[in-house]
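Architecture at a glance
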Amino acid sequence: MKRVLLVFSRSDSGVDGPRSVHKQQKPSAFQQLKETFFQRVIQKAQFAVPPYALLLLSSYDIPGVAFELCDMRYQALPLDEKWDLVGISVHTGIAKTAFDIAAQFRRKNMKVVLGGPHVSLFPETCIGKADALVVGEADEIWREVLSDLVSGKLKPKYEAKTFPDLRLTPQVKKEVIQISDYFTTNLIQTSRGCPYQCDFCNVSLMNGRKIRHRPVEQVVAEVASFLEKDQRVFFFVDDTINADPDYAFSLFNALIPYQIKWVGQATTLIGRQKKLLEIFAKSGCRGLLVGIEGLSDASLTLHNKTHNSPTQLLSDIQAIRDQGICVYGSFIYGLDGDTLRTADTLLNFVEKSNIDIPGINLLRPIPGTALFERFAEEGRLLFPKDDIYAFRYSWAQELQCKPKNIPVRNFIQSYSDLTQQVYTFSNALKRAKNAPTIKSVILMFNLAYIYLYGLSRKDLNFQLQTSLNV
Ligand code: B12
Ligand code: SF4
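Counting of residues starts from 1 at the beginning of each chain's written sequence and follows it residue by residue. Lettering of chains starts at A and numbering of ligands starts at 1, both following the order in which they are written. In keeping with the model being predicted, local features are shown solely for residues with a pLDDT of at least 70 and side-chain atom pairs are shown and tallied solely at 80 or more, while totals for entire chains, interfaces and linings include all residues.

**Quick word on the overall build of the chain**
A count of helical and extended segments in the chain gives 16 helices and 14 strands. Put simply, the radius of gyration uses C-alpha atoms, and a globule should come to 2.2 Å times the residue count raised to 0.38. For the chain, whose C-alpha radius of gyration is 22 Å, the value lies close to the compact-globule estimate of 23 Å for 470 residues. Across the 470 residues of the chain, 43% fall into the buried class. Here the contact rule is simple: place C-beta atoms from the backbone, and any two residues whose C-beta atoms are within 7 Å are in contact. Counting only contacts in the chain whose residues sit at least 6 apart along the sequence, the fraction spanning at least 24 positions is 75%. Runs of E in the DSSP output that reach at least two residues are strands. Runs of H or I that reach at least four are helices, and both are numbered from the N terminus. Partly exposed residues are those falling between the two cut-offs: more than 12 but fewer than 20 other C-beta atoms within 10 Å of their own, whereas 20 or more means buried and 12 or fewer means exposed, with C-beta atoms placed from the backbone.

Okay, here's the thing in structure tokens:
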């Protein structure tokens, strides 16, 4: 039997437990204690969900292959055991850590395969870091990798030539995880691909613009099988669960009898898709993350987020909340149409719309995106273009590009003031009280965000004083 270990490593900062991104900043003993406490709470309470991609890869039935998973948020690397293959999921923000993990296993003569968003987007940066690379969505080639492993003929590179047909993707099993480790283990993906092309996003680069679905009956069967082991909330990981309204309608209509509670991610258009919204509510939807990003026509157009309509955003959010669904509104401050006045507009909007959790993000140039390339040409990246690893993911703790219309120093001040005003203790209580449902979850998020945005202000200020030449 070939033993395959799948490894998921935590992010340095971000949803896996935020900490200062400036290693040179020495936290006091009290700060360290506070960070550890918050990291634990945030990890467990907020996003501690199993690594979906690795659960999927462990669900393939290949004769002669047995899977185990090491989730480094909970377990140390089992370096002293003998593995026939170690598979590591790599995203750009943790690529260096992933390469280091690969090197540790390879030094012990164990074979390593790398896959995931970073390998798919930047395969050339992964050459020599592993015995095999899987470029693109692995679904159709994973079987080949494993049969080659069994026959001792692992190839250095496997590349998905087309986007896989999700009808052939197996039902996810949870045999490799400890269910009690997580906030929930009910992660489901119904589709891949996004028809939109917001210039700061890399989803259509990775998954294409055409939406590919799993058949409704397959998803329903997966929900039913998940319920046998875990009755907690379901998280539909699709980027835009309402992108194909007809499909979404059939799916959630079919899920009504299962009486699940679920959360997911949608575009603001859901506010105007009345029938679908009703079905979402009836099928147990408790919260939706919606990408609002900017509030002005200028900003939305300049970043190609044209499916959002600034004049309808308020009523879109109202409509969602009226159905008893909480809204996590994701904003970006620092878009190309933004000026210093935008901070006030954002603050007013957050208050007027009663958004349950406002996410106030900084514009981040993700390597590979159209935005990244444009900002590089315009000389607006704050780190060298070739050092793609410098563009790490944090909790808005680092400015990575110059805003178009606002000097950096003023921008950081304005962003810090904004997050301070949005996240106060009394606002947290007010949002929890007004939330249409899951009030305790809303309170928990809002309280955690007071801490997280405090960390953001501290780190941004440190960056301003130490490395931003402005
Ligand atoms: C749901 C989601 C989350 C959830 C749940 C993640 C989880 N635990 O599974 C939460 C909210 C927790 C989350 C957290 C983060 N996320 Co996230 N997330 C997503 C989202 C929307 C879907 C991911 C998913 O499950 N896709 C479905 C699976 C099947 O696809 P996949 O992961 O790409 O895997 C396929 C292939 O890549 C490949 N593959 C993947 N791993 C491996 C490993 C091996 C060995 C092999 C052979 C193949 C392989 O095979 C899979 C099947 O085809 C994506 C956007 C997207 N469309 O991908 C962002 C995305 C993956 N996240 C991203 C980021 C940045 C993060 C965070 C760093 C955010 C933060 N600031 O903290 C953290 C990182 C946490 C971590 N340690 O990985 C980025 C990664 C960008 C990049 N270029 O690397 C993405 C692409 C979003 C974006 N557009 O920027 N995320
Ligand atoms: S931000 Fe959302 S809507 Fe825009 S391209 Fe990315 S996934 Fe699609």
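There's plenty left to go through after this.
**A look at the site of ligand 1**
Neighbouring ligand 1 are 39 residues; Gly-14, Gly-87, His-91, Gly-115 and Ala-138 lie closest to it. Elements supplying a minimum of two residues to the shell around ligand 1: α2 (52-57), β3 (85-89), β4 (112-115), α4 (117-121) and α6 (203-207). Charged means Asp, Glu, Lys or Arg here, nonpolar means Ala, Val, Leu, Ile, Met, Phe, Trp, Tyr, Cys or Pro, and polar covers whatever is left, Gly included. Across the shell around ligand 1, the residue classes break down as 20 nonpolar, 14 polar and five charged. Source of the domain bounds: an automatic or database domain assignment. Each of two domains, domain 1 (2-19 + 50-159) and domain 2 (184-466), supplies a minimum of three residues to the shell around ligand 1. The criterion for a residue being near a molecule or strand is a backbone-placed C-beta atom within 6 Å of that molecule or strand.

**Let's talk about the site of ligand 2**
The environment of ligand 2 is made up of Cys-194, Tyr-196, Gln-197, Cys-198, Cys-201, Val-203, Ser-204, Asp-239, Thr-240, Thr-267 and Gly-291. Class assignment for the residues of the shell around ligand 2 results in five nonpolar, five polar and one charged.

**A short note on the UniProt feature "domain: B12-binding" (unreviewed entry) in the chain**
UniProt positions are given in the numbering used here, feature names are shortened, and annotations may be inferred rather than shown by experiment. Residues annotated in UniProt with the feature "domain: B12-binding" (unreviewed entry) correspond here to residues 75-156. With 33% helix and 16% strand, residues 75-156 has its two end C-alpha atoms placed 28 Å apart.

**Here we look at the sheet that holds β4**
Strand order in the open sheet formed by six strands is β2-β1-β3-β4-β5-β6, with parallel pairing between adjacent strands. Each of the sheet's edge strands pairs with one partner strand only, and the pair in question is β2 (65-71) and β6 (157-159). Between one strand axis and the next, the sheet turns by 20° as a mean value, whatever way the strands run. One ladder, built from four bridges, connects strand β1 (residues 2-8) with β3; its direction is parallel. Bridging from a neighbouring strand, Val-7 pairs with Ile-88 of β3. Two strands are said to pair when DSSP picks up at least two bridges between them. Lines fitted to the C-alpha atoms define the axes, with helices restricted to the stretch that makes contact. Angles between their N-to-C directions range from 0 to 180 degrees.

**Topic: the domain arrangement of the chain**
In terms of domain boundaries, the chain breaks down into domain 1 (2-19 + 50-159) and domain 2 (184-466). Taken over C-alpha atoms, the centre of domain 1 sits 28 Å from the centre of domain 2. With 15 residues of domain 1 at the interface, the matching set in domain 2 holds 18 residues. Examining the composition of the side of domain 1 that touches domain 2, we find that three residues originate from one element, α4, more than from any other. When grouped by side-chain class, the residues that make up the side of domain 1 that touches domain 2 number seven nonpolar, six polar and two charged.

**Looking at the pairing of strand β5 (residues 132-135)**
Looking at chain direction, β4 and β5 are connected through two bridges and run parallel. When the bridges of β5 are listed, Leu-114 appears paired with Leu-133. Judged from the three bridges that link them, β5 and β6 form a sheet pairing that is parallel. Bridge assignment links Val-135 to a residue of β6, and that residue is Glu-159. A clockwise path from the first strand over the helix to the second, with the strands pointing away from the viewer, defines a right-handed crossover. Between β5 and its parallel partner β6, the chain crosses via helix α5 (residues 142-150), and the hand of that crossover is left-handed.

**Digging into the packing of helix α8 (residues 245-255) against helix α9 (residues 274-282)**
Taken N-terminus to C-terminus, the directions of α8 and α9 make an angle of 25°; their axes are 9 Å apart at the nearest point. Judged by the inter-axis angle, α8 sits roughly parallel to α9. α8 and α9 meet at a crossing whose hand is left-handed. Between α8 and α9, the residues in contact are Pro-245, Ala-248, Phe-249, Phe-252 and Asn-253 and Lys-275, Leu-276, Ile-279 and Phe-280, respectively. Within the contact of α8 with α9, the residues separate by chemical class into seven nonpolar, one polar and one charged. Angles are sorted into four bins: roughly parallel if under 35 degrees, roughly antiparallel if over 145, roughly perpendicular if 65 to 115, and oblique for all others. The sense of a crossing depends on the near helix, which, turned anticlockwise from the far helix by less than a right angle, makes the crossing left-handed and, turned clockwise, makes it right-handed.

**Things to note about the sheet that holds strand β11 (residues 262-266)**
Read from one edge of the open sheet, six strands run β7-β10-β11-β12-β13-β14, paired in parallel fashion. For this open sheet the edge positions go to β7 (186-188) and β14 (357-362), each flanked by a neighbour on one side alone. For this sheet the average axis-to-axis angle between neighbouring strands, irrespective of direction, equals 20°. As paired elements, strand β13 (residues 326-333) and β14 share six bridges and run parallel to each other. Residue pairing in the sheet places Tyr-333 in a bridge with Leu-362 of β14. The strands touched by helix α11 (residues 313-322) are β12 (285-293) and β13; relative to β13, the strand with the most contacts, the crossing angle is about 155°. The strands that helix α14 (residues 408-422) touches are β13 and β14; relative to β14, the one it contacts most, it runs at about 170°.

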